[in-house]
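If you want the building blocks of each chain, they are given just below.
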Amino acid sequence: MSEKEKKHISGFSKLSKMGKLRWVAENFFRDPEAVFKELRSYWHEDEQQQKVLDSISENTLSNFPMPFGVAPNFLINDRMYTVPMVIEESSVVAAASAAAKYWMTRGGFKAEVLSTRKEGQVHFLWQGDFSKLKKLFPEIKVQLINRTSQITANMQARGGGVLSMQLLDFSDQEPHYRQLRVQFETCDSMGANFINTVLEEMAQGLEAFAKNYPDLQGAERDLQIIMAILSNYTPDCLVRASVSSPIEKLGPLKNGVSAEALAQKFYTAVRIAQIDPYRAATHNKGIFNGIDAVVLATGNDFRAVEACGHAYAARDGRYRSLSSCSVEDGVFTFELEIPLALGTVGGLTKLHPLAKRSLEMLGNPSATELMEIVASVGLAQNFAAVRSLVTTGIQYGHMRMHLNNILLELGANEEQEKAAFEHFKDKVVSYSAVRAFLNAWNEKSDNI
Ligand code: MEV
């Protein structure tokens, strides 16, 4: 059997979990038994819990552990939070914690939800007379609302539902392309399933209207539904977080940097991220380091949040920083405005055992409170990164963590770790430098 044939399989999804694990271990690894055992060892000891985890995705072989950490001391709107974070990058949680503590003694974070509207679209082609459809739109709207009333009843009882809709014409860009754009309020749920269900029903409603409305005789031939789906761009589901302090209270700072110098350099660094997309992408990545970690820990969709955030960052046609800074009348203010479509009910939020615990740790917040927390963490993360960049340089903080990871990888013992931290206190850390240090250390101990 050729290598290609060996690694091809049909009906993989039908295999039992054990069968899948065996097939993968046997076909892709030199030591199948060891791999089988290793992946098997990450299965949850509680069968029920494992079933829940397996239900989240497909073709699961095992679980992929990620660090679940916390950043304490987040004072947000005069309330203290310990924030759960799931992230694979070292230094992020430490930086968020340091920024939280720093701002805790300077009034904390102020956060405010500005709007909570979500969007969805039915994309379609209309080959007929569009002015007719436009004229009938008020009637179409009523029919679509009535048609979806059963689906929206529960959400409406919670204060949400369909808010408004528009008929849009894009036929100047693509022949016959028109769109039904719909706004939703989904309360404490992220609302993806709800929105998609409503939109698909509306698409059918549009077809029924075209078929049955007397004035549109034969119009079903004019209409072709292309797709119905929510938009992950939710610029009207917006939150603002900010921190502010008189400049003289920004100190004391590392490396003898003055508070004035920090404020001025910080301001310029943020301006650079507003001007230059190359810097803006890195700057915003730093914001998402914090945001994604909390979004993931609370069982929310971090890809949706990232897609939206980046689209928002480019809303004026140029990709820019999501945060802004001002230094006025002796006061330093740093602010983040970002759309965040989050939920605290539904989806993974209550299904994933640790997402449930994360929300409990945060005091079971509403979706809007979670938006305020997440935006504050994003701002804290951004503050920590930019402060490091304009003072000590980013590697100063990273290196301790980096050193720790290299020592772990090289299997250093406790004594070697201690010696390495002392040795690299004022030296550049690299993989080869740490290996050379350990070799020299080992030789020295052999000679003793
Ligand atoms: C690293 O994960 C994030 C930073 O690059 C962000 C930034 O440059 O602002 C440190």
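Just so you know, these numbers come straight off a predicted model, no measurement behind them.

What counts, and at which threshold
Residues numbered from 1 in each chain as written. Predicted model: local features only at pLDDT ≥ 70, side-chain atom pairs only at ≥ 80, totals over all residues. Heavy atoms only, no water. Pairing = 2+ DSSP bridges. Helix = DSSP H or I, 4+ residues; strand = E, 2+ residues; numbered from the N terminus. Axes fitted to C-alpha atoms, helices over the stretch in contact; angles between N-to-C directions. Buried < 20%, exposed > 50% of the residue type's maximum accessible area, 1.4 Å probe, protein only. Patch = residues over 30% accessible without salt bridge, like charges linked within 9 Å, V, L, I, M, F, W, Y side chains within 5 Å. Areas by Shrake-Rupley, 256 points an atom, 1.4 Å probe, with all protein chains shown as cover. Salt bridge = Lys/Arg side-chain N within 4 Å of Asp/Glu carboxyl O. Domains from an automatic or database assignment. Contact = heavy atoms within 4.5 Å. Buried area = accessible area lost by both parts, 1.4 Å probe.

The subject of this paragraph is the sheet that holds strand β10 (residues 331-339). The 4 strands lie next to each other as β3-β8-β10-β9, forming an open sheet whose pairing is antiparallel. Either end of the sheet is taken by a strand with one partner, and the two such strands are β3 (110-113) and β9 (323-328). Pairs of neighbouring strands in the sheet enclose a mean axial angle of 15°, with direction left out of account. Judged from the 6 bridges that link them, β9 and β10 form a sheet pairing that is antiparallel. The residue bridging V327 from the neighbouring strand is F332, located in β10.

Looking at the secondary structure, you find A314 in the loop between α11 (302-313) and β9. Taking relative accessible area as the criterion, A314 reaches 29% and is therefore assigned partly exposed. Remark: the alpha-carbon pair of A314 and P277, spanning 37 residues in sequence, is separated by 9.3 Å.

Next up on the list: a nonpolar patch on the surface. A surface patch of nonpolar side chains, amounting to about 300 Å² of accessible area, comprises F68, V70, L354 and M361. Secondary-structure elements contributing two or more residues to the nonpolar patch are β1 (68-76) and α12 (353-361). For V70, a relative accessible area of 36% corresponds to the partly exposed category.

Spatially, β5-β6-β4-β7 is the arrangement adopted by the 4 strands of the open sheet, whose pairing is antiparallel. Bordering the open sheet on either side are β5 (161-169) and β7 (223-231), each of which pairs with just one other strand. Taking each pair of neighbouring strands and ignoring which way they run, the sheet shows an average axis angle of 15°.

To continue, consider the domain arrangement of the protein. You'll often see interface size given as the accessible area lost when the parts meet. Domain boundaries in the protein define domain 1 (3-56), domain 2 (69-111 + 240-393), domain 3 (118-230) and domain 4 (397-446). Between domain 1 and domain 2, the C-alpha centre-to-centre distance is 38 Å. Taken together, the contact between domain 1 and domain 2 spans 5 residues of the former and 4 residues of the latter. Roughly 340 Å² is buried in total at the junction of domain 1 and domain 2, and carbon and sulfur atoms are behind 82% of that figure. Of all residues in domain 1, the largest losses of buried area upon contact with domain 2 belong to V52, L53 and I56, amounting jointly to 75% of the total for that side. Taken together, the connections running from domain 1 to domain 2 amount to 0 salt bridges.

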